[in-house]
Amino acid sequence: MSEAIYNRIAVLRAERGISRRELADALGVHYQTVGYLERGEYNPSLHLALRIARYFEVSVEVVFSTEPFPRIGAPQRASV
């Protein structure tokens, strides 16, 4: 059984005004792969995950997580 990997690819693309096709071309993958990644239907290889993070110039943890990312504008829970 595969564990869920959450990502912020769609958010990062939207912030930068980049289409799925533009991102796919830059990464050397099919544009549908970007859609599968964004919907959580496909977990990237480590190599692809690192290339995506490098493309957006952020750490891999900014893009991918094993825990769901908080919703934008959602109140943050205080840490105990």
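Residues numbered from 1 in each chain as written. Predicted model: local features only at pLDDT ≥ 70, side-chain atom pairs only at ≥ 80, totals over all residues. Heavy atoms only, no water.

### Some words on the nonpolar core
If you look at the biggest cluster of nonpolar residues, it comprises 15 residues, and the most contacted ones within it are Ile9, Leu23, Ile52, Phe56, Val63 and Phe64. No other element matches the five residues that helix α4 (residues 46-56) contributes to this core. Contact partners of Phe64, with chain neighbours within four places excluded, come to Ile5, Tyr6, Asn7, Ile9, Pro44, Ala49, Ile52 and Phe69. (Core = buried A, V, L, I, M, F, W, Y, C linked by side-chain atoms within 4.5 Å. Buried < 20%, exposed > 50% of the residue type's maximum accessible area, 1.4 Å probe, protein only. Helix = DSSP H or I, 4+ residues; strand = E, 2+ residues; numbered from the N terminus. Contact = heavy atoms within 4.5 Å.)

### A few points about helix α1 (residues 9-16)
Within α1 the residues assigned to the buried category are Ile9, Leu12 and Arg13. End-on view of α1: buried residues confined to an arc of 100°, all on one side of the axis. For α1, the exposed residues set more than 90 degrees away from the buried face come down to Ala14 and Glu15. In this fold, the buried residues of α1 make contact with β1 (6-7), α2 (20-27), α3 (31-38), α4, α5 (60-63) and β2 (64-65). In the segment just after α1, Gly17 is the residue with positive phi, at about 65°. (Arc of directions from axis to C-beta.)

### Observations regarding the pattern of salt bridges
One pass over the structure, following the stated rule, counts four salt bridges. With a closest N to O distance of 3.4 Å, Arg16 and Glu15 form a salt bridge. Looking at Arg16, the relative accessible area reads 38%, which means it is partly exposed. In this structure Glu15 comes out as exposed when scored by relative accessible area, which is 58%. (Salt bridge = Lys/Arg side-chain N within 4 Å of Asp/Glu carboxyl O.)

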